[in-house]
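# Topology and contacts: notes
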Protein chains: 2
Amino acid sequence: MITVSILEDHAQYRNLLVRAIENNENFAIKGVYATVEEALLKIHIDKPDIALVDIKLNTQSGIEFVNQAKPSLSLTQFLMCTSYQNDENVFNALKAGASGYILKGSSMEEIHSAITELYEGGAPMSPYIAKRVIGLLNGKQSNQHTFGLSERELEVLSLLSKGLLYKEISVQLSISPNTVKNHCKNIYKRLHVQNKVEALNKFNHYGMTSSS
Amino acid sequence: MITVSILEDHAQYRNLLVRAIENNENFAIKGVYATVEEALLKIHIDKPDIALVDIKLNTQSGIEFVNQAKPSLSLTQFLMCTSYQNDENVFNALKAGASGYILKGSSMEEIHSAITELYEGGAPMSPYIAKRVIGLLNGKQSNQHTFGLSERELEVLSLLSKGLLYKEISVQLSISPNTVKNHCKNIYKRLHVQNKVEALNKFNHYGMTSSS
DNA sequence: TCTTGTGTAGTACTTTTGGGCTATTGTACG
DNA sequence: CGTACAATAGCCCAAAAGTACTACACAAGA
C-alpha cells in the first residue's frame, strides 16, 4: 500500500486527483492540502510515501514547498504536477529535491504508473528534462571519503547537513539528544573543526551526496 | 541529416547497427570503428553528430573512450549501447559525458528515435537511471539565483558558509555583531528557513556560494 | 584477559544563535 | 516631500550548540 498526500489549490483538479488515487486499491490518501501553509503543518504528521505537489500554486510555488518540506521528510518522495511537459520549473523542482513529475492532462493510468514507478525507485520524466539533468551532472564528481568517521557518525552528519536540530536528529534516530551531541563532538574532533558548517564544508569537499 | 559514427568491437552487432543507420535516409554513417584506439584516431576527423558507443568492449570500456574523446569533440553527442537496462556502467557513462543509451535488443525504430531524440536535445534513458542521476544532482550547484537578497546579505551569507561566527563576521566586515545578527535574521526570513545550515542548503541549491 | 573503539546517556556549564522588538541614518523612487 | 528600504545598532530573552567531563555495555583484537 502506497500512501499519498496531495497539495493542490485548485479544488476541481484536487478532487480529481483524490478520486484517481482512491480509485486504485494499491494507493491510500494520507492527506489533502489546499495551501502550502496547511501542507507544511500537516505533512510532517501524515508522512506519506509520495507527495503529489502542484508546481504552480496561487500563493507560493510548489518548489518552495518541496524545499521546505523535504529536509525533514527523508522518506517522502515528491512528485510534481505541471501543465507543461518542459516547464523550466520542473527542472528547478528536481533540483529542489523532487523525483519526477506528471502532466495535468495525464490519465488515471498514467498517474498510477508514475506513482508506482517512483515508489519502486524510478523517476518519471521526459527525455528533454533528463538531458538537462545530465547537463548539470557533467563536470561534477562524487567521491567517497569518509575520514575516520563511523557509520553512526556519518548518519548524524547526513542529518546535520539537512539543517536538523540535535533534538530533531535524536527523534529520527531514536536516541537521546545528548548522544547526538556526543556524536557531533566526536565528529568535530576528527575533522578538526568547531561547528556544523565547518564540518559540512570539510566533508562535502570530498563528495558524499549520501544517496539515502 | 544526422551523421553517426559507431564504436563496436563485435562484428555482427556492428554490421547490424550500420545497416540500421543506413536504412534511414535521415542518418548517414560517418565512421565505423572496431577498437578504442582506432576510434580515438579517426573520430576527430569524422566529427559525427552522434557517436554510438558500446559500453562493454573487449579491450577497454566504452566509458574510457568517452572520457578521452569528449573533451575535444564538443559537438558530438555520445549514445551508449548496453545489454542491461540498469547497468551500473550506464550511470558511469552518463557521468563521463554520455547523454543517453540504447539497449542492444532495441528495434531499428527504437534506435532511430533514440538518435533523433538525442539530436533534438533529449536524453533517452530509463526512469531508474534518471532517478540516480537526480540523486547525484541534489545538493549540487549551477545557476545564479540570489532570491531577493541584498549585496550585504549575500556577503554575510558567504562568510556564514565558511563557518564563521557572528562576531568573526562582524570583524571581517567592520560592523557590530548585532548587525550581523540582524542580517542573518533578514536572510532567514527571505529564504523561509530557521538556521544557518538550512539557509546555506537552500541557497546552494540554487548555485553559487559566492565563488570567492 | 586487557585494551580499544563505538554507541549509548548523563550532568554542568558557557557561548552562540535566533526571534522579537525599536531606532537612526542615508538613499532611491514616486 | 513623503515612502520605502538597506544598513546600521541596540535591547531582551529563550533555545540551541558546543565543551568538558563521567559512565556503562558490547564487540573486536592484541
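Structure: above.
First things first, this report covers the structure right here in the doc.

What counts and how
- Residues numbered from 1 in each chain as written.
- Chains lettered and ligands numbered in written order.
- Predicted model: local features only at pLDDT ≥ 70, side-chain atom pairs only at ≥ 80, totals over all residues.
- Heavy atoms only, no water.
- Near = heavy atom within 4 Å.
- Polar contact = N/O pair within 3.5 Å; in protein donor to acceptor, adjacent residues only side chain to side chain.
- Helix = DSSP H or I, 4+ residues; strand = E, 2+ residues; numbered from the N terminus.
- Nonpolar A, V, L, I, M, F, W, Y, C, P; charged D, E, K, R; others polar.
- Core = buried A, V, L, I, M, F, W, Y, C linked by side-chain atoms within 4.5 Å.
- Buried < 20%, exposed > 50% of the residue type's maximum accessible area, 1.4 Å probe, protein only.
- Contact = heavy atoms within 4.5 Å.

## Topic: the protein's contact with DNA strand C
Surrounding DNA strand C, one finds 20 residues, the nearest of these being Ser150 and Ser176 of chain A together with Tyr166, Lys185 and Lys196 of chain B. When atoms of DNA strand C within 4 Å of the protein are sorted by moiety, sugar and phosphate together comprise 59%. Within the contact set of DNA strand C, a phosphate oxygen lies 2.5 Å away from a side-chain nitrogen or oxygen of tyrosine 166 of chain B. Here lysine 185 of chain B contributes a side-chain N or O atom positioned 2.6 Å from a base oxygen of DNA strand C. For the surface near DNA strand C, the leading source of residues is helix H9 (residues 177-191) of chain A, giving 6 residues. Within the surface near DNA strand C, the residues separate by chemical class into 4 nonpolar, 9 polar and 7 charged.

## What to know about the nonpolar core
The biggest cluster of nonpolar side chains holds 38 residues, and the ones touching the most others in it are Leu157 of chain A together with Leu157 of chain B. Contributions of two or more residues to this core are made by helix H7 (151-160), helix H8 (166-173), H9 and helix H10 (196-205) of chain A together with helix H7 (151-160), helix H8 (166-173), helix H9 (177-191) and helix H10 (196-205) of chain B. Contacts of leucine 157 of chain A, omitting those with residues within four sequence positions, involve Leu149, Ile187, Ala199, Leu200 and Phe203 of chain A. Membership of the second largest hydrophobic core comes to 24 residues, among which are Leu73, Ala93, Ala96 and Ala98 of chain B.

## Looking at the side chain of histidine 112 of chain B
All names here are of chain B. Position of histidine 112 relative to the elements: it lies in helix H5 (residues 108-119). We classify histidine 112 as buried; its relative accessible area is 11%. Reaching out from histidine 112, the side chain makes a polar contact with the side chain of asparagine 24 at a distance of 3.3 Å. Look past the residues within four positions of histidine 112 in its chain and what remains in contact with it is Ala20, Asn23, Asn24 and Phe27.

Purely geometric numbers; function is a separate question.
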